[in-house]
2 protein chains.
Amino acid sequence: MNNKHLVQMTNDLQEARNRASFSPDAMHRFIHGSSDKVEKIDKMRSIIESEPVFSKSQIPFQGRPEQLHHSLLVCKRLIELAEEMNMSDEDFAILTKQAHMLTPLSLHYSAFMAVIKAQGTQEQVDKWYTASKRHAVLGCYAQTELSHGSNVMGLGTLATYDSKTQEFIIHTPDITAAKWWIGGLGVTSTHAVVQAQLIISGKSYGPHLFIVPIRSPIDLKPLKGIQVGDIGPKAYGGFSTMDNGYVIFDHVRIPRNNMLMKFAKVTPEGKYLPPVHDKLSYGSMVKLRVDIVDAAGWNLARAITVAVRYCTVRRQFNSENDNSGLETQVINYSSVQHRLMPLLATAYGVIFTGDTLFKRFDQLLAQLEVNDTTLLPEMHATACALKSWGTRRSTDGIEDARKCMGGHGFSYFSGLSDLFASNVPSNTYEGDNYVLSQQTARFLLKQLSLAASGKSVSSDTASYLYLLKEKDTFKFSNLKQEILEPKVQLKLFGIRTARLVANLARQLQRNVPWSELNMDCWAINLAHAEYLVMNEFVNRLTEAQSSEQQVLLPVIKSLSDMFGLSTILNTSLATFLSTSTINPSDLDELNSVYRKLVAEVSMNAVPLVDSFGFTDKTLDSALGRYDGRAYEALWEAAQRNPLNKGKELAKLQDAVLQIVHRGNNLEYIKTSKL
Amino acid sequence: MNNKHLVQMTNDLQEARNRASFSPDAMHRFIHGSSDKVEKIDKMRSIIESEPVFSKSQIPFQGRPEQLHHSLLVCKRLIELAEEMNMSDEDFAILTKQAHMLTPLSLHYSAFMAVIKAQGTQEQVDKWYTASKRHAVLGCYAQTELSHGSNVMGLGTLATYDSKTQEFIIHTPDITAAKWWIGGLGVTSTHAVVQAQLIISGKSYGPHLFIVPIRSPIDLKPLKGIQVGDIGPKAYGGFSTMDNGYVIFDHVRIPRNNMLMKFAKVTPEGKYLPPVHDKLSYGSMVKLRVDIVDAAGWNLARAITVAVRYCTVRRQFNSENDNSGLETQVINYSSVQHRLMPLLATAYGVIFTGDTLFKRFDQLLAQLEVNDTTLLPEMHATACALKSWGTRRSTDGIEDARKCMGGHGFSYFSGLSDLFASNVPSNTYEGDNYVLSQQTARFLLKQLSLAASGKSVSSDTASYLYLLKEKDTFKFSNLKQEILEPKVQLKLFGIRTARLVANLARQLQRNVPWSELNMDCWAINLAHAEYLVMNEFVNRLTEAQSSEQQVLLPVIKSLSDMFGLSTILNTSLATFLSTSTINPSDLDELNSVYRKLVAEVSMNAVPLVDSFGFTDKTLDSALGRYDGRAYEALWEAAQRNPLNKGKELAKLQDAVLQIVHRGNNLEYIKTSKL
């Protein structure tokens, strides 16, 4: 069985690749910054792809317990590989990332060990970090409670110091203070770093961190006074490979030395010594958000890779001016191009910005090491803005990309199901997006008051506030040309954001209470993040100009234009108009430039997604296959469905027959020959 | 274990109910149109709630095979109940709706039987409808193919007439023509109505419908020449209780009488008789879309009920001006109010509009029965617009409501997981939303040309095109008062939509090709649907004025205002500004009116969701409990998790111990007393 269309599918992708105006390999290196990094990733990925335990082919047919079990086998094999190959921590991190699976040990590394390293004394690090690294203890980070997520100050778990025994008594006063959602705690963790209110002699000193043994590392039985378990399944089948858990403490005693004491300390006799600087521990919070921004970019890149490839091979409806007998490639519909190309540019933008953010975080860390917090406020605001904007755009974008693929987008085999399901909670964790947007707005208000009083503002991220001196709607003298100038685009982004910030300040001056202005903060957050990404694109253009990647300049410029114009004319048109940055009378002409740009980027869409460098195994999508054989892949996937044979099928059809053969139906069926 | 907050949760909801400015019972009757309807629904719901088989409490812990099996038991019990109580078709439909589960038989009733009734001859109806009603055959509707969804004309399955044997030969020429996604076909169906290209003597007559036996009703074995199975799991765990299937036909012979021949016919000797009117069969397509609009409204109502209740009992962060020792109710945050109240008004709007649409559909049906298609174009456009707008707003709204609930919104026990997962494909099925929007736009362009040539347009749904005579931005003389006048709101909605339609026409005149204007169609579709809903609200206000429900007038007015203002200032601000309907300089004042309105509707939010009339069992949400005991419900749900005990836990922890006890770790653990 074969037909013209089926043969054409592979050709369609090949033709799109032949058309490329640039080298995807060069772009791939540009994205990752160096050939060395690319080589290292390739090496780790090839290890993952060569081992059957990392295959995801059975996941679609597994229930949650099987998925969780598989995920633990994955953990075990990753550890073995690290040992066999004597990997550095950095290599192990890349290896784990290539396995692309949230596991019960994910937070053991990224939270439990990280927080001990950041906030433990040298002695504590020696003891616990070492035990963790050999996996003799497996830990989690227990902050969130049943009734407390965002408000850490309001946590209910208590750590009361008993100076007689030199112990802390960890206690859950009521069900609302049960630790909840703790990744790894459901069935796995032996230990937890617990956020609890420190109480000494009846006085509360606020939340501090304590290492609390949860289950015996001998047999995993819960220790005395501890009630622990898994909180159950998540929405959309997300986090199925993770055992988020709960725990309740009934007067659990731990030694004084189990409080993490790099900053605040409690002496044996029960004296509280506050930290030198109360914000030194904020670095790790910023880091988690930077990681989230990076993941948001790469996850969107995955989704857009699948969607661009599948929409290139899928054909629907006959074209009026095509005599091939083939229907039109879906990617050629403007409704598909106008939805996918902005997402493609956004994926590039978030990846570039995340990359730069990592570098700036390293600077921050170096400063914090010497008790210097100068960079902290700006990095904090930048991370807040990009985390909340990036996670929203990425998860909405994954779902939009899925919708672009029509019916088959709804198949689990599209590969976008878990991508969305396991990333959509990033809108909520590490700071709810709407809560974080208030932090961004507060930072910008401070910068505004600096600017107003003639002082200088944070140069990189808030200099656009000086643009407030421009009072009018932007006047183009030669629109078609100027709108494609990076500095004009950046200026428009700046003017818009500055006016939104100024408008918030005006309302506060008019005594509108802050609590009523949450949505203004949200709008500012979006605009600020979009400015940061636009700015990143402009910097990348400058960077490419003077590098060996100069040949990539035109295609990066087209992505930069795409991000700029799609934000102005599509995603965020409302605020460009409401701030009178753009004049409605210019929209017709702007849209005509934009339409051409969409078509131009679409011509390069396939090589642009190829440049992300996903292999078929890492993408794990029937629709996103590199060779375009999507329909055959869907067919093969359905054939693997255990529901189609043996006991599974027999049990179901037995239930069907109980319906079909009701009453005297069997007789009726036989006589009426149905 | 108990605390102040826990006790307060039930009080919080009670206080919100005490504050109600209207009677939720009266509103409940207004929503359903009559006390009779309410009584019937209550009766059917109480049956469902009294039978354990309809309980959904085990679903969160079941894999897909178990869910599908449970769903078949549900089907069986529904059929038994209908028989035991000698139910009318209408009552059975209400009973089934109250069970609120997509089952392998859902399309047996709504598609297989419906299409036979609509398109079969009397003889065919007598035979197949009767067998279907007694469930001696279970059917599905097989249209979509692996490579054809939207484009029905392009289907590849063939039905070749063999006049010698007076049979059709149903054949799948290649894998791309495999029927795919067919609901009920995976493991259940004995028969299918198949869309296939009718071929007589080598000539194709386009797609027609054929009843094809698939599995023997005796033992469910696939019949000769048939390869059939389940296509596998869907994205986000959606449709888990449904067996969407595939089938490939290898020269399967069926009698001539198995072609549905109410309209087109094939004579025994092979002569093709075309239908009298080629659009008479379009009615059922419109009906399916009306059903989808109705479901979109009620599903959004479910989500908003859960979110409003949970955000009322959840407290986070201390309030500055509250000495109760309690934190602030999340519902009091403006970011939550500004997200939830528009959704609440939208749910009411879609439900009201869907209800009216049903009535108009009955008129259409009566007309079609006498071969009159006058109403068809307008009803088609209305259904397209509301289906594509309504499904998008509803599914986006469910996910937004989930996000408003913070971390616990991501628990499966939020009750919003399957609601989103099983409704999000409605953006794609029965016409992809973006494809349908082109139909809406074409209808409005026709109306525009009628208006331009001095002829009259469809009065209810396109009369706003006459507003094109107004050339300026709307000038308020007394903004704060005028913006709350329904006729002003409706006028603004009309002007905006008219200008978008005119702008599309202008671009076509300037020879921009239709294919480049998909997104303009989409914008028009959204605007047109929003006009229709606004119009419905205004009609409802008039209706309530002259009815015994007059006491509800103020609260319906506040919902109508909320829909109007949130659409203008929030959801669709971009097009109100881009069409210069609204002046940016009016936004400050408009937003100040809007902020007051949001606060006002928020005061009634709990009684407004109570009015939808969901019980705890129908909502099936730990977070949306009527008594507000959300945290206790989450706790209880986690305790039911089978993963926390017995064999499931032992298997998982065995895998954990293989990690913890690696190498000489066990010795190390014992000696270092971890």
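These remarks concern the structure in this document. Everything numeric in this text was worked out from a predicted model, so none of it was measured. (Residues numbered from 1 in each chain as written. Chains lettered and ligands numbered in written order. Predicted model: local features only at pLDDT ≥ 70, side-chain atom pairs only at ≥ 80, totals over all residues. Heavy atoms only, no water.)

**A closer look at helix α23 (residues 646-660) of chain A**
The first and last C-alpha atoms of α23(A) sit 21 Å apart over 15 residues, in line with the 21 Å expected at 1.5 Å per residue. Each element contacted by the buried residues of α23(A) is listed here: α24 (665-672) of chain A together with α4 (64-84) of chain B. (Helix = DSSP H or I, 4+ residues; strand = E, 2+ residues; numbered from the N terminus. Expected span 1.5 Å × (residues − 1). Contact = heavy atoms within 4.5 Å.)

**Observations concerning the packing of aromatic side chains**
For the structure on display, the rule yields 56 aromatic pairs over all chains. Ring geometry for B:Trp298 versus B:Phe614: centroids 6.0 Å apart, planes at 85°, classification edge-to-face. Pair noted here: B:Trp298 is in helix α8 (residues 283-313) and B:Phe614 is in the loop between α20 (605-610) and α21 (616-619), with a separation of 316 residues, a long-range link. In this pair, the class of B:Trp298 matches that of B:Phe614, namely buried. A ring pair is formed by B:Phe493 and B:Phe576, whose centres lie 5.4 Å apart and whose planes are at 70°; its orientation type is edge-to-face. Of this pair, B:Phe493 sits in helix α15 (residues 486-509) while B:Phe576 sits in helix α18 (residues 573-578), and the two are 83 residues apart along the sequence. Three or more aromatic residues link up through ring pairs in this structure, and these residues are A:Phe30, A:Trp298, A:Tyr348, A:Phe352, A:Trp389, A:Phe493, A:Phe537, A:Phe563, A:Phe576, A:Phe612 and A:Phe614. (Phe/Tyr/Trp six-rings, centres within 6.5 Å; stacked < 30°, edge-to-face > 60°. Buried < 20%, exposed > 50% of the residue type's maximum accessible area, 1.4 Å probe, protein only.)

**Brief notes about the pairing of strand β2 (residues 158-162) of chain A**
Residue and element names in this part refer to chain A. Sheet topology places β2 next to strand β3 (residues 167-171); five bridges connect them, and they run antiparallel. Each residue of the ladder has a partner; that of Thr-160, found in β3, is Ile-169. Hairpin connection from β2 to β3: four residues lie between these consecutive antiparallel strands, with Gln-166 at a positive phi of about 55°. By the bridge criterion, three bridges tie β2 to strand β5 (residues 191-200) in an arrangement that is parallel. (Pairing = 2+ DSSP bridges.)

**Brief notes about the sheet that holds strand β7 (residues 226-230) of chain B**
Taken in spatial order, the three strands line up as β4-β8-β7 (chain B) in an open sheet, and their pairing is antiparallel. In this open sheet, the two strands that pair with only one neighbour each are β4 (179-182) and β7 of chain B. Strand-to-strand twist of the sheet, defined as the mean angle between neighbouring strand axes without regard to direction, takes the value 15°. In this structure, β4(B) lies alongside strand β8 (residues 245-249) of chain B, joined through two bridges in antiparallel fashion. Within β8(B), the position partnered with B:Lys179 by the bridge is B:Val247. Of the strands in this sheet, β4, β7 and β8 of chain B are in contact with helix α22 (residues 630-639) of chain A, which crosses β8(B) at around 110°. (Axes fitted to C-alpha atoms, helices over the stretch in contact; angles between N-to-C directions.)

**Re the relation of the copies chain A and chain B**
Relative to chain B, chain A is turned by 180° and slid 0.0 Å along the rotation axis, the superposed coordinates differing by an RMSD of 0.0 Å. On this basis, the relationship between the two copies can be described by a two-fold rotation axis. (Least-squares fit on C-alpha atoms with pLDDT ≥ 70 in both.)

**Here we look at the packing of helix α12 (residues 433-452) of chain B against helix α16 (residues 518-545) of chain B**
Residues and elements named next belong to chain B. Packing of α12 against α16 leaves a shortest axis separation of 8 Å and a crossing angle of 75°. As summarised for this structure, α12 and α16 are arranged roughly perpendicular, according to the angle between their axes. Between α12 and α16, the contacting residues are Asn-433, Tyr-434, Leu-436, Ser-437, Gln-438, Thr-440, Ala-441 and Leu-444 on the first element and Asn-518, Met-519, Cys-521, Trp-522, Ile-524, Asn-525 and His-528 on the second. Considering only residue class, the contact of α12 with α16 consists of eight nonpolar, seven polar and no charged. (Parallel < 35°, antiparallel > 145°, perpendicular 65-115°, else oblique. Nonpolar A, V, L, I, M, F, W, Y, C, P; charged D, E, K, R; others polar.)

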